[in-house]
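Residue strings, one per chain:
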Amino acid sequence: MPDRRYPSDSWLTPRARVGPSPIEGHGLFATHAIDRDEPVMAFGGAVLDNAALAAVPPPYSSVAVAEDTNLLLDPAHPVRYGNHSCDPNLWHLDAVTVVARRPIPTGEELTIDYATLTGTETWSMTCRCGSPLCRQTVTGRDWRLPELQDAYRGHWMSWLAERIATT
């Protein structure tokens with residue numbers, strides 16, 4: 001039975017398109033200016049616990065929406081092309097809704113900090129965002145960084161916000 005707390009399908013604003021990315025492969029780009037706090041995407045997909053997600057053969061795209069609860073994104077949906085930046089222009093409104101962190105001009109790549117999407121301590125990736133704030137390596141432990149806790153206050157997944165509050 002589907003978990004009705006989370007949508008089964010993702011959504012992407014019509015003001016975005018997929019295109020070649022200098023960060024990694026393909027990315028999402030604004031086709032029109034996007035206002036601060038404007039909804040840009042909503043994650044949806046199959047709900048899997050951590051064990052079931054670990055059994056999914058890579059590559060795949062997922063979002064951790066609660067402790068031991070993940071949304072496995074449809075590999076055909078363009079939201080899967082959302083790239084990471086250590087100085088992103090998107091952040092979370094709630095577990096599935098992503099909004100503009102600041103005004104985004106036409107043509108700019110739409111990015112989110114993957115630290116706000118995972119708390120899997122063993123996960124890491126090399127960062128190629130090119131931001132002056134680049135951490136070089138992004139990990140599932142980055143939610144512990146005080147500077148990120150401050151920068152994204154109020155815009156973490158609620159389960160990561162709870163971890164931050166109790167550490």
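Residues numbered from 1 in each chain as written. Predicted model: local features only at pLDDT ≥ 70, side-chain atom pairs only at ≥ 80, totals over all residues. Heavy atoms only, no water.

Colleague: Explain helix H3 (residues 158-166) here, please?
Modeller: Since the α-helix packs 3.6 residues into each turn, any two residues three or four apart lie on the same face. Of the positions making up H3, those classed as buried are Trp159, Leu160, Arg163 and Ile164. Along the axis of H3, the buried positions cluster into a sector of 145 degrees, meaning they face one direction only. Residues Glu162, Ala165 and Thr166 are exposed on H3 and point more than 90 degrees away from its buried face. The inward-facing, buried residues of H3 abut strand S6 (62-66) and helix H2 (146-151). (Buried < 20%, exposed > 50% of the residue type's maximum accessible area, 1.4 Å probe, protein only. Helix = DSSP H or I, 4+ residues; strand = E, 2+ residues; numbered from the N terminus. Arc of directions from axis to C-beta. Contact = heavy atoms within 4.5 Å.)

Colleague: When you look at the UniProt feature "domain: SET" (unreviewed entry) in the protein in this model, what are you seeing that I'm missing?
Modeller: Taking the numbering used here, the UniProt-annotated feature "domain: SET" (unreviewed entry) corresponds to residues 14-115. As annotated, residues 14-115 has a helix share of 5% and a strand share of 38%, and its two end C-alpha atoms lie 26 Å apart. (UniProt positions renumbered as here; feature names shortened; annotations may be inferred.)

Colleague: Help me understand the environment of Trp156 in this model?
Modeller: Counting through the fold element by element, Trp156 comes out in the loop between H2 and H3. Exposure remark for Trp156: the relative accessible area of 7% places this residue in the buried category. Along the primary structure Trp156 and Ser8 are separated by 148 residues, whereas in three dimensions their C-alpha atoms are 21 Å apart. With sequence-adjacent residues up to four places away left out, Trp156 is seen in contact with Ala115, Thr116, Trp143, Leu148, Gln149, Ala161 and Ile164.

Colleague: Help me understand the packing of aromatic side chains, please; the structure alone is not making it clear to me.
Modeller: Each aromatic ring pair is characterised by the separation of its centres together with the angle its planes make. Evaluated as defined, the whole model comprises two aromatic pairs. A centroid spacing of 6.4 Å and a plane angle of 50 degrees characterise the contact between Tyr114 and Trp123, whose relative ring orientation is tilted. According to the relative accessible area criterion, Tyr114 is buried, its value standing at 19%. Relative to Trp156, the ring of Tyr152 has its centre 5.7 Å away and its plane inclined at 70 degrees; by these criteria the two rings are edge-to-face. Accessibility expressed as a relative area gives 3% for Tyr152, which makes it buried. (Phe/Tyr/Trp six-rings, centres within 6.5 Å; stacked < 30°, edge-to-face > 60°.)

Colleague: Could you clarify how one ought to interpret the side chain of Ser131 in this entry?
Modeller: Position of Ser131 relative to the elements: it lies in the loop between strand S12 (124-126) and strand S13 (137-139). Judged by its relative accessible area of 13%, Ser131 is buried. Other than its neighbours up to four places away in sequence, Ser131 contacts Ser85 and Asp87.

Colleague: When you look at the pattern of salt bridges in this model, what are you seeing that I'm missing?
Modeller: Any two side chains of opposite charge can pair, on the condition that their charged atoms come close. Inspection of the entire model under this criterion finds ten salt bridges. Note that Glu24 is salt-bridged to Arg128, the shortest N-O span being 2.8 Å. Here Arg128 lies in the loop between S12 and S13 and Glu24 lies in the loop between strand S2 (16-20) and strand S3 (26-30), a separation of 104 residues in the sequence. Accessibility expressed as a relative area gives 43% for Glu24, which makes it partly exposed. Put simply, Arg135 and Asp142 hold a salt bridge, and the shortest N to O gap is 3.1 Å. (Salt bridge = Lys/Arg side-chain N within 4 Å of Asp/Glu carboxyl O.)

Colleague: What is the right way to read unusual backbone geometry from this model?
Modeller: Trans peptide bonds make up most of the peptide bonds, and negative phi angles are found at most residues other than glycine. Of note, the amide linkage connecting Pro58 to Pro59 takes the cis form, showing an omega dihedral of 0 degrees. Backbone geometry places Asp37, a non-glycine residue, at a positive phi of 70 degrees. Position of Asp37 relative to the elements: it lies in the loop between S3 and strand S4 (39-42). The phi dihedral of Asp68 falls on the positive side, at around 60 degrees, and the residue is not glycine. Its location among the elements puts Asp68 in the loop between S6 and strand S7 (69-72). The class for Asp68 is partly exposed, based on a relative accessible area of 39%.

Colleague: Mind showing me how you'd approach the sheet that holds strand S5 (residues 46-48) here?
Modeller: Strands pair in a sheet through their backbones, by hydrogen bonds, and they do so in one of two ways: parallel or antiparallel. Across the sheet, three strands lie side by side as S5-S7-S6; this open sheet has antiparallel pairing. Since the sheet does not close on itself, it has two edges, and those belong to S5 and S6, each with one partner. Within this sheet the neighbouring strands show an average axis-to-axis angle of 30 degrees, counted without direction. Inspection of the sheet shows S5 paired to S7 by three bridges, in the antiparallel sense. Counterpart to Leu48 in the pairing with S7 is Asn70. (Pairing = 2+ DSSP bridges. Axes fitted to C-alpha atoms, helices over the stretch in contact; angles between N-to-C directions.)

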